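Below are the chains, spelled out letter by letter.
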Amino acid sequence: MVKKDYVKNVSEILITKKQLKKGIIKAARWIDDTYTDKNKDLVLVGLLKGSIPFIGQLVTEIERDITLDFMVVSSFKGEHKAQGKPEIVTDILSNIEGKDVLLVEDIVDSGYTIFYVIKELEKRKPNSIKIITLLDKPTGRKVNLDIAYSCFKIPHKFLVGFGLDYKEKCRNYEFVGVLKNEIIEKEDI
C-alpha cells in the first residue's frame, strides 16, 4: 500500500511498484534473449530524464555486458504538450558505428521524439537500432514506429511517476499514476 503524500496528485495508480519491477525483469530477459551474441557490442541509450528509473533498474537485471550512454532530447520544454521539433540537448559520447543500439524510453506516445532520435543515430551507421520502452501508448502514435519491446501498453491518459513528469515534478513516484484532471486544468502542482 502506497502511503506517500504525493498520492494526492493522482486519480488512480495504474501500475504499482511491484508490477513495475516484474515488468522490468521480463524486459531484461528479453534483452538477454534478443542480443545473444556476447561478442557484439550492445549500447543502451537512455533518453533522459524520464528513463532514469527504468534504465536504472533494467541494467541491474541484464546478464550480458553492455555500454551505457544517455541523450537529452527535448520537445516539451517544461510544458505538458510538445512545443515543436525535438532537439538534442545532450548527445551520446559513444561511437555506435557497427554496434547494436537499444534506445531506452520511459514512454512512447506520439513517437515524434524517438523517431527523430532514430533518424539522427542512423547517420552514425550502427549495426541496428531498436526501441525498448517501459510504457507504450499506441493510441497516441503520430508516426510509424517499430517498438521492439514494451513492458506495458497503456491507455491515452496523462501519466506521472516512475520518471514521467508534469512540469518536471512527479518523477519520483514509485508507481505510474494518472494525474488528476484538476491539476492539469489549473496547470499547477
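The preceding data block contains the structure.
Since we're looking at a predicted model, the values are computed, not measured. (Residues numbered from 1 in each chain as written. Predicted model: local features only at pLDDT ≥ 70, side-chain atom pairs only at ≥ 80, totals over all residues. Heavy atoms only, no water.)

So, on to the sheet that holds strand E2 (residues 42-48). Through backbone hydrogen bonds, the strands of a sheet pair up, either in parallel or in antiparallel fashion. Spatial ordering of the open sheet is given by E4-E3-E2-E5-E6-E7, a layout of six strands whose pairing is mixed. Each end of this open sheet is capped by a strand with a single partner; those strands are strand E4 (87-90) and strand E7 (149-153). Across the sheet, the mean angle from the axis of one strand to that of its neighbour is 30°, orientation sign disregarded. Running at roughly 160° to E7, helix H1 (residues 17-34) makes contact with E2, strand E5 (100-108), strand E6 (128-136) and E7 of the sheet. (Pairing = 2+ DSSP bridges. Helix = DSSP H or I, 4+ residues; strand = E, 2+ residues; numbered from the N terminus. Axes fitted to C-alpha atoms, helices over the stretch in contact; angles between N-to-C directions. Contact = heavy atoms within 4.5 Å.)

On to the sheet that holds strand E8 (residues 159-160). Spatially, E1-E9-E8 is the arrangement adopted by the three strands of the open sheet, whose pairing is antiparallel. Strands at the two margins of the open sheet, each flanked by one partner only, are strand E1 (10-15) and E8.

The biggest cluster of nonpolar side chains holds 29 residues, and the ones touching the most others in it are Ile31, Phe54, Leu58, Ile132, Leu134 and Leu135. Broken down by secondary-structure element, the contributors of at least two residues to this core are H1, E2, helix H2 (52-61), E5, E6, E7 and strand E9 (176-179). It is H1 that contributes the most residues to this core, six residues altogether. Contact partners of leucine 134, with chain neighbours within four places excluded, come to Leu20, Ile24, Phe54, Glu105, Asp106, Ser150, Cys151, Phe152 and Phe162. Val43, Val101, Ile114 and Ile147 belong to the second largest nonpolar core, which has 19 residues in total. (Core = buried A, V, L, I, M, F, W, Y, C linked by side-chain atoms within 4.5 Å. Buried < 20%, exposed > 50% of the residue type's maximum accessible area, 1.4 Å probe, protein only.)

Time to look at the side chain of serine 150. Mapped onto the fold, serine 150 is located in strand E7. Non-local contacts of serine 150, meaning those with residues more than four positions away in its chain, are made with Thr133, Leu134 and Asp136.

Think of it this way: side chains of opposite charge can pair up when their charged atoms draw near. Taken as a whole and assessed by the stated rule, the structure comprises 14 salt bridges. For arginine 29, the salt bridge goes to aspartate 32, with nearest N and O atoms at 2.7 Å. In this pair, arginine 29 and aspartate 32 are both assigned in helix H1, three residues apart and thus about one turn of the helix distant. The residue glutamate 168 makes a salt bridge to lysine 49 at a minimum N-O spacing of 3.1 Å. (Salt bridge = Lys/Arg side-chain N within 4 Å of Asp/Glu carboxyl O.)

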